[in-house]
Structures are given as C-alpha cells and as structure tokens.
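# Topology and contacts: notes
Spelled out from the first residue to the last, the chains are:
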Amino acid sequence: MTAQVAELSAVDLHEAALELGDDCLVLSHRLAEWTTHAPELEEEVALANLALDLLGQARSLLSLAGEAEGRGRDEDRLAYWRDDREFRNLLLVEQPNGDFAVTMTRQLLFSAYQELLYERMSSGTEPRLAAIAAKGVMEARYHLEHARLWVQRLGGGTEESHRRMRRALDLLWPYTKELFEPTEAWVRAADQGALPPLSSIEGSWRQAIQAVLESSHLEAPPFSAWQSGGRRGRHSEHLGHLLAEMQHLHRSHPNASW
Amino acid sequence: MPPTYSDESRELAFQEAIDSDRTVEPRDWMPERYRSTMIRQIAQHAHSEIIGMQPEGNWITRAPSLRRKAILLAKVQDEAGHGLYLYAAAETLGVERRELTDLLLAGRQKYSSIFNYPTLTWADVGAIGWLVDGAAITNQLALTKTSYGPYARAMVRICREESFHQRQGFELLAELSRGTEAQHEMAQDAVNRWWWPALMMFGPPDAESPNTAQSMAWKIKRVSNDDLRQRFVDMTVPQARALGLDLPDPELGWNETRGHYDFGPIDWEEFREVVGGHGPCNLQRISVRRAADEEGAWVREAARAWEGRQQGRMSAA
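The structure contained in this document is the topic of the report that follows.

Conventions we followed
- Residues numbered from 1 in each chain as written.
- Chains lettered and ligands numbered in written order.
- Predicted model: local features only at pLDDT ≥ 70, side-chain atom pairs only at ≥ 80, totals over all residues.
- Heavy atoms only, no water.
- Helix = DSSP H or I, 4+ residues; strand = E, 2+ residues; numbered from the N terminus.
- Buried < 20%, exposed > 50% of the residue type's maximum accessible area, 1.4 Å probe, protein only.
- Axes fitted to C-alpha atoms, helices over the stretch in contact; angles between N-to-C directions.
- Parallel < 35°, antiparallel > 145°, perpendicular 65-115°, else oblique.
- Contact = heavy atoms within 4.5 Å.
- Nonpolar A, V, L, I, M, F, W, Y, C, P; charged D, E, K, R; others polar.
- Buried area = accessible area lost by both parts, 1.4 Å probe.
- Salt bridge = Lys/Arg side-chain N within 4 Å of Asp/Glu carboxyl O.
- Polar contact = N/O pair within 3.5 Å; in protein donor to acceptor, adjacent residues only side chain to side chain.
- Core = buried A, V, L, I, M, F, W, Y, C linked by side-chain atoms within 4.5 Å.
- Expected span 1.5 Å × (residues − 1).
- Arc of directions from axis to C-beta.

### Details of unusual backbone geometry
Negative phi is the rule for most residues except glycine; trans is the rule for most peptide bonds. Residue and element names in this part refer to chain A. Within the chain, threonine 36 stands out as a residue other than glycine whose phi angle is a positive 75°. With respect to the element layout, threonine 36 can be found in the loop between helix 1 (10-32) and helix 2 (41-69). Taking the relative accessible area as the measure of exposure, threonine 36 reaches 6% and is therefore buried. Non-glycine residue histidine 217 carries a positive phi angle of around 60°. Mapped onto the elements of the fold, histidine 217 is located in the loop between helix 9 (199-215) and helix 10 (237-252).

Next comes the structure, spelled out in structure tokens:
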C-alpha cells in the first residue's frame, strides 16, 4: 500500500456499507412479504429468489459495516437494534408492495440503479466493497431482467394492466431523485474511488429506464413532487411499521441467541 | 388389423407388470381408477406443498435473526418448487394444473390436514421442520418406490430437500431448547401442540383406511398407515431426548417384546373434525389461496395478452 493512495476512513466505510446494506435489507423484507400471495406459483419462486439474493447482500454489507465500526455490532445487532431514524436506506425501497405493478416498477427502478452501481463498485478501491459488488452485480442483472420483462408484459398487456402500471409509475417516480443524491460519506467514498460518483451513473440509469418504458408503451411522469431523506434517516411512515414487525421477536428476547 | 384387448385382459397385464415391480409410465395403458387415484394423490400432495407455505410463511417477516430468515425463506421457496414439480407430475396423467387448482379452491380436493393448525410462536417453525417434515419424509421415503414412475422420481428429489429441512427444524429447536428459559418453554409448547397432529398425518388406522387395500395392490402405497406411524415414532423418540424436550404422551415407552415404542391413543375425533373442514385454520388457508388467485388474475391475463401479441408479431414478421 502506497502512501499517496488515501484510504477510505473506517467511519465512511461504515456509513457507505450501511447505506447499501439497508437498501438490500428493507427491499428484501418487502419482497418476502409477497410469500403465499404471488399472482402465480412461478412468481412465488422468483420473488423469493430476489428476496434471498438481497438478504444475502444485506448480510455481507451489514457485517462489513459492523466490522468497520469496530464496536462489536454484527449483522443482527445492526438489523434488529436500530430505530427508523438510524436506517439509511432509500425511500424507494421501503414503499409498500401495493399491487404487482407497483412491486415490479419499484424493482425496475432499483435494480437498474443497483446494477450500475455494483458494476462500477466492483472495480473500486475498497476490496471488501468491490468483492460484494462483484457477486451482487450478477444478481442485480437478473433482478433487472425479471422486472423489465414484467413491466413490458404489464405495460403492453391489457388495458387494466397498463392503467395499473401508469399508476405505479406516478406513485414511485417521486422517490427516484433521491437515488442520485449522495451523502457526505458517499462523496468522500467516491473521492477515494471506493464508490462511483452518483452523477456518473445517473445518465445511464435514465437511458436504461427510458428504454424499458418506451418498449412497454409507458412514459415517465412529466413532473414529480420529489421526496428524499432516507439516507439521512428521515423516512416515510411506512418504515416504522416494517421495522416493528421485523424486530419485535428479536427485541422481546434481548439476550437470546437464535 | 391390430389385435384388440378387452379391459379385463389389459388390467391383468397391468397387474402383472406391477407385481413384477415395473414402474408405470405416462404413456402406458392403465386402469381409469389407477389414473384417477394417482391424480388425486399427486394433486393432494402438490396442494399440501402450496398450502404448507402459509403456516411457515407466517414467520418470515418476524424471523429473529437474518440467518434464520434466509433459511426459512429458502425453505418456503423450496415448497413452492415442490408444488410446481408435483403439479407437473400430475399433468403427465392428462390433467392441467389450473383444473387442480380450481378443485382445491372449490374445496373438492384436499391437502394435508396438518396445515390447518396455526403457527403461534417462532418455535412452531422448528416443530414443523422437525415433526411435520419428519413425518412427511417417513411417508415419502416409502413413496420413492411407488408404482407410478414420475411420482416416484419426484419423491426422490423432494425427499432430499425435505431431510435438509428436517435437520434445520431440529437445529432450530435445539437452539431454543438450550437457550433462555423463555425459549425452552416456547420450544416445549410447540412440541406439545404439534406432536399429536403429526401422528395423525399418517392417516386413519389400517382397519379403517378405505383406500389402503387397492392402493397396496397397485403398489401406489407400499407401507401401511400404522407401520409408517410406528416408524416415525421409533425414529422421533430418541431425537426428542437429544433435544431435551418431552413428547406429550404419558404412555410413550419402549416395548421390549415388540421392539418398538408404544404410544397412547390418538384422538381420531379431532382428526375427523379437521379433515372435515373444522380445524382452526381450514377457512383461512383456502381464503388466502383464493385471494392470491383472484388478485393475481389481472397479472396472468396481462401476461397472456402480451404473449399472444408477441406471437402475432412473430408470425406476421
């Protein structure tokens, strides 16, 4: 290691891993909520696959966040013992499942983002983040493909599915600006080459989404009342309920192991 | 002109083939009753996998560690996979998955009654893995030698995954049993509630089992209900000891003469109630399935419409 390559500080690595890990943890939870309610059996399997991939990523990232922090917090300590103001995920991923159109739209918007992010992260300067991203990018690609196919089917399917897709886009589009608003820790991580600058992937993301929407006979809403704050711990009302359910059993037995 | 055979002579030849342990394959001639029995049994098994996702799925969003959450999610996903696989096996007999689903939703085909009991605590996830999957494996191991080829082969694959699930359930309970006092109690309570229903999974006693004789002759069923039940008890008692948990039966004890464990009388009245639709969760389980089916209808319709249009475009090109 040479002196002129400044290393990512432990604090920033902790923050960055938390931001990325919380996205995965919360979205995985949402997808798992579909269990036994999916529109067909094949989709039960597929949604569980997505949820499992993201849960795996969440575990790696939260473990890394805990190690970087050096206060002995492991993945479960971070997942189960933080309150919503301490969660760093995007507002997009905590939005309720809604109907299948909402779920697939959310997945399209997020997976397109995650794929671009992981692709660049995998050649980043922080080896542990790069390793997680290198594995995750394959998964993100599959998730994106799955979501793209469904958005096309629903957008170009029936009148009803088309109407539901437009409603889903209206509902979720306001949360897309936040995808490209970096926190201070992110900016520093980008300066060190550990994470890509978000401005560097925004254009590709817009192009990718635009192409899918066009082939699905859909378009992005012309105007949105942008919402952000998740990365700084200002969430929508929905996250508190999600965490209440996720954390209650674990917290009811504070000294237990499972 | 090819020779014609009467049904009677075909049936004799069929029975001979069965007696010499040949498997029946989809394109073979088979008696209508064999076909319908097989369809009913495979469908029932497939439905059980799908309905069985509900009691365990109930705990995915509350799983107390991320590791356990991943294990449970993967398990429930396996069940969906088993369901798909079994419906495909049933389809080799000339029915469609959709017809079978409709029969389930209309209450005209059954699923394993065990899933009409609720999962009240996290320990129930372990008890289902250990006892319910344990009983299922006992049953299914016998079915790997069943006479219908596609079903027998499906069982081989499913058994492999089920025994993995059973070990995970055992391990979950072991962790609880040697954990805090509250965890131990949770585990014991779950075992108390799941033990008897698990014994009922093998069906009524042989003397009262109406389908057994014909199914045995056709080698659809290779071991009787009571024999399977005994196998399960013999296997499970030492495991309970290893877990440090009690089985809720004061009459349970080793019988030197028989070389088996004796166990107390099963409450068949409860069994009949639950099979008859009056268990704690019968209505709930089916209504969840119906709701998923109804709410997913527009999605499936959109996929069909889109598919149709794609094909139209391809043939126009």
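### Quick look at the packing of helix 7 (residues 149-177) of chain B against helix 8 (residues 181-200) of chain B
Residues and elements named next belong to chain B. It is at 7 Å that the axes of helix 7 and helix 8 come closest, and there the two elements cross at 135°. Judged on the interaxial angle alone, helix 8 and helix 7 are oblique. Side by side, helix 7 and helix 8 meet where Leu173, Leu176 and Ser177 of the first sit next to Gln183, His184, Ala187 and Val191 of the second. Its residues assigned to classes, the contact of helix 7 with helix 8 comprises four nonpolar, three polar and no charged.

### Quick notes on the interface of chain B and chain A
Counting from both sides, the interface comprises 44 residues of chain B and, opposite them, 47 residues of chain A. For the pair chain B and chain A, the two sides together bury roughly 4000 Å², of which 68% comes from carbon and sulfur. Applying the counting criterion to the chain B and chain A interface returns one salt bridge. Of the charged contacts, one joins arginine 97 of chain B and glutamate 42 of chain A as a salt bridge, the two residues approaching to 2.4 Å between their closest N and O atoms. For the pair chain B and chain A, the interface holds 17 residue pairs in polar contact (both at pLDDT 80 or more). Elements that contribute at least two residues to the side of chain B that touches chain A include exactly helix 3 (53-57), helix 4 (66-91), helix 7, helix 8, helix 12 (282-295) and helix 13 (297-316) of chain B.

### Concerning the pattern of salt bridges
Counted under the stated rule, the structure contains 42 salt bridges over all chains. The shortest N-O distance in the salt bridge between arginine 67 of chain B and glutamate 171 of chain B comes to 3.2 Å. Here glutamate 171 of chain B lies in helix 7 and arginine 67 of chain B lies in helix 4, a separation of 104 residues in the sequence. For arginine 67 of chain B, a relative accessible area of 33% translates into the label partly exposed. A relative accessible area of 32% places glutamate 171 of chain B in the partly exposed class. Taken together, the shared-partner salt bridges in this structure form one network comprising Asp99, Glu160, Arg163, Arg164 and Arg167 of chain A.

### Considerations on the environment of glutamate 8 of chain B
Inspection of the secondary structure assignment puts glutamate 8 of chain B in helix 1 (residues 7-19). Put simply, glutamate 8 of chain B and proline 280 of chain B are 272 residues apart on the chain and 46 Å apart in space, counted from C-alpha to C-alpha.

### Remarks on the nonpolar core
Counting residues in hydrophobic clusters, the biggest one holds 171 residues, and the most contacted among them are Tyr113 and Trp205 of chain A together with Tyr34 and Trp122 of chain B. When residues in this core are grouped by element, the largest group, 14 residues, is from helix 2 of chain A.

### Concerning the packing of helix 7 of chain B against helix 10 (residues 225-243) of chain B
Residue and element names in this part refer to chain B. The N-to-C vectors of helix 7 and helix 10 enclose an angle of 35°; their axes lie 10 Å apart at closest approach. Residue-level contacts link Gln166, Phe170, Leu173, Ala174 and Ser177 of helix 7 to Met235, Gln239, Ala242 and Leu243 of helix 10. Residues of the contact of helix 7 with helix 10, tallied by class, amount to six nonpolar, three polar and no charged.

### What about helix 12 of chain B?
The end-to-end C-alpha distance of helix 12 of chain B, which contains 14 residues, comes to 20 Å, matching closely the 20 Å that a straight helix rising 1.5 Å per residue would cover. Looking at helix 12 of chain B, one finds that the buried residues are Asn282, Arg285, Ile286, Val288, Arg289, Ala292 and Asp293 of chain B. For helix 12 of chain B, the angular spread of the buried residues around the axis is 155°, confining them to a single face. Exposed positions of helix 12 of chain B whose direction lies more than 90 degrees from the buried face are Leu283, Glu294 and Glu295 of chain B. In this structure, the buried residues of helix 12 of chain B make contact with helix 2 of chain A together with helix 2 (32-51), helix 3, helix 5 (97-105), helix 11 (268-278) and helix 13 of chain B.

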